[in-house]
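# Structural characterization, general
Residues per chain, in single letters:
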Amino acid sequence: MSNVKNYKTLEKIVSLCKRRGFIFPSSEIYGGFSAVYDYGPYGIELKNNLSCAWWKEIVQKREDVVGLDSGIFMHPTTWKASGHLDSFDDPQIDCKDCKARMRGDHMLEEFNINADKMKTEDINKKIKKLKEKNIILKCKNCGSKNLTQAKNFSLMVKSNLGSPTDVLSEDNIVYLRPETCGGIYLNYKNILDSTRVKIPFGIAQIGKAFRNEIVARQFIFRTREFEQMEMQYFLHPKIIQEKYNEWKKIRWNFYINYGIKEENLRWLKHEKLAHYAAEAYDIEYNFNALGGFKELEGIHQRGDWDLSQHQKFSGIKLDYTDPITHEKYIPHIIETSVGLNRMLLAFMHEAYTEETVNKETRVILKFDKRLAPIKIAIFPLLKNKLELVKKAREIYNNLKLEYMCEFDDNGNIGKRYRRQDEIGTPYCVTVDFDSLEKNDVTVRDRDTMKQERIKIENLKKWLKENL
Ligand code: ATP
């Protein structure tokens, strides 16, 4: 391990992601497009592995959760009912000198004032109080004290559909969903009526969400286009606390199970609760490269607010009749909500490791093997020895049917190992001259760098036991 403390810097992670084909800034050849990122060949593999892991835990392994894939565009009244059109705002403060934009709540947090979900007028009151104590907020960009008051800035991203599309009028405005759970509430009745689920049950969904974030920095931590993985669990209020504790445990254990150290996670209890919520916690991850613990996932109680609102605005009954007691009620909801991209950053941050080997720095992404983008890399020792290439290709063609593999015959073997270490490949299989005679290969372990000779006929079995 490197001796340098906090060697995991954002700069290094961003550079590795670009250099090794995980993540690219959007529209680079046009000068870039702020707060949107594109996922390259290894990035998409990692993202897919993470979403599959989440789906497996949340849907596949459970009898009481089913999946959904709803549209990004929804009836605009959805967002009136959910309160997003009236109050999905962040408090924006502008610098009058350099025009930089900042978030008032984040500026107050630097003075240890918890301004999470604080109303804009209260933020302005707090700023006034600080001023009375001669504490004046400064622009993060140029240091000027010449700032505007905080004002509401809507995070909703508008578009238009239908005709005419050249003018945004009340008739054609639609919104790109700011979270995926809206589609879950609107399909709750469809799923209840068309499948065998009974309360308590959950609906899970993975999909894109869009927010016009005021300040979207810190790489993929906060972007304007991102993917969410959300699960809404519908239940009778009398069991909410028991189930809430259960979901908190499930979500915490997910991170531990896939390789996050427990010391890098903590709970943040929401002090300010929405009027309908009895309890809300976030799981925070220690994003050292971003300055410390930050929200990774929210696990919140939502009362019966969502279904009641949609019942009110749609006029469609969304209550549930208990088949045994015949009690009629609007189900309450527990929500688990995480950004897939933010989760990817957490796992990338956790996996990033530097080691000194023969006085050189070796960079490794020590992903849990299930998450690694490429599971096995297959090399012929030399590119220009046809028999080696042929045998290596045969192995590659056989293994790729079961695993995400990569064939590489480029450069010396040491360089090829380093490249695979940097993308987190657990095993490298090399075909050398001995392989031709003994029908075996070397399998090199990413973490220990140890090499083992394995007979080709036993290779699949060995990999099955070790991957
Ligand atoms: P924050 O306080 O960071 O703005 P939030 O409390 O508004 O986030 P939620 O609405 O609870 O976030 O969203 C649930 C999850 O979705 C977050 O925990 C995070 O993982 C993810 N998320 C939210 N906004 C973004 C974003 N702009 N970019 C990436 N992920 C996001």
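Everything below is about the structure shown above.
Note that this is a predicted model, so its numbers are computed, not measured.

### Quick word on the overall build of the protein chain
Within the protein chain, the regular secondary structure consists of 14 helices and 23 strands. When burial is assessed residue by residue, the protein chain has 52% of its 467 residues classed as buried. Across the protein chain, every contact between residues at least 6 apart in sequence was considered, and the portion connecting residues at least 24 apart equals 65%. Accessible surface, the protein chain as shown: approximately 23,600 Å² in total, 49% of it carbon and sulfur. Of the side-chain charges in the protein chain, 77 are positive and 67 negative, and the distance between the mean point of each set is 3 Å.

### Digging into the site of the ligand
In the region of the ligand, 16 residues are neighbours, and Glu213, Arg222, Thr223, Glu295 and Leu296 sit closest. Contact between the ligand and leucine 296: an oxygen atom at 2.8 Å from a main-chain N or O atom of the residue. Summarising the interface, the protein chains cover 89% of the accessible area of the ligand, which totals 600 Å² for the free molecule. For the shell around the ligand, the elements supplying multiple residues, two or more each, are strand E10 (225-235), strand E13 (292-303) and strand E16 (332-339). Along the lines of polarity and charge, the residues of the shell around the ligand split into four nonpolar, four polar and eight charged.

### Some details on the sheet that holds strand E4 (residues 89-94)
Pairing is antiparallel in the open sheet, where three strands are placed in the order E5-E4-E6. Where the open sheet ends on each side, the last strands, each with one partner, are strand E5 (101-103) and strand E6 (151-154). The mean angle between the axes of side-by-side strands here comes to 50 degrees, regardless of whether they run parallel or antiparallel. Pairing analysis gives four bridges linking E4 to E6, with the strands arranged antiparallel. When the sheet's bridge partners are listed, aspartate 89 is paired in E6 with serine 154.

Conventions we followed
Residues numbered from 1 in each chain as written. Predicted model: local features only at pLDDT ≥ 70, side-chain atom pairs only at ≥ 80, totals over all residues. Heavy atoms only, no water. Helix = DSSP H or I, 4+ residues; strand = E, 2+ residues; numbered from the N terminus. Buried < 20%, exposed > 50% of the residue type's maximum accessible area, 1.4 Å probe, protein only. Contact = heavy atoms within 4.5 Å. Areas by Shrake-Rupley, 256 points an atom, 1.4 Å probe, with all protein chains shown as cover. Lys, Arg positive; Asp, Glu negative; His and termini not counted. Charge placed at Lys NZ, Arg CZ, Asp CG, Glu CD. Near = heavy atom within 4 Å. Polar contact = N/O pair within 3.5 Å; in protein donor to acceptor, adjacent residues only side chain to side chain. Nonpolar A, V, L, I, M, F, W, Y, C, P; charged D, E, K, R; others polar. Pairing = 2+ DSSP bridges. Axes fitted to C-alpha atoms, helices over the stretch in contact; angles between N-to-C directions.

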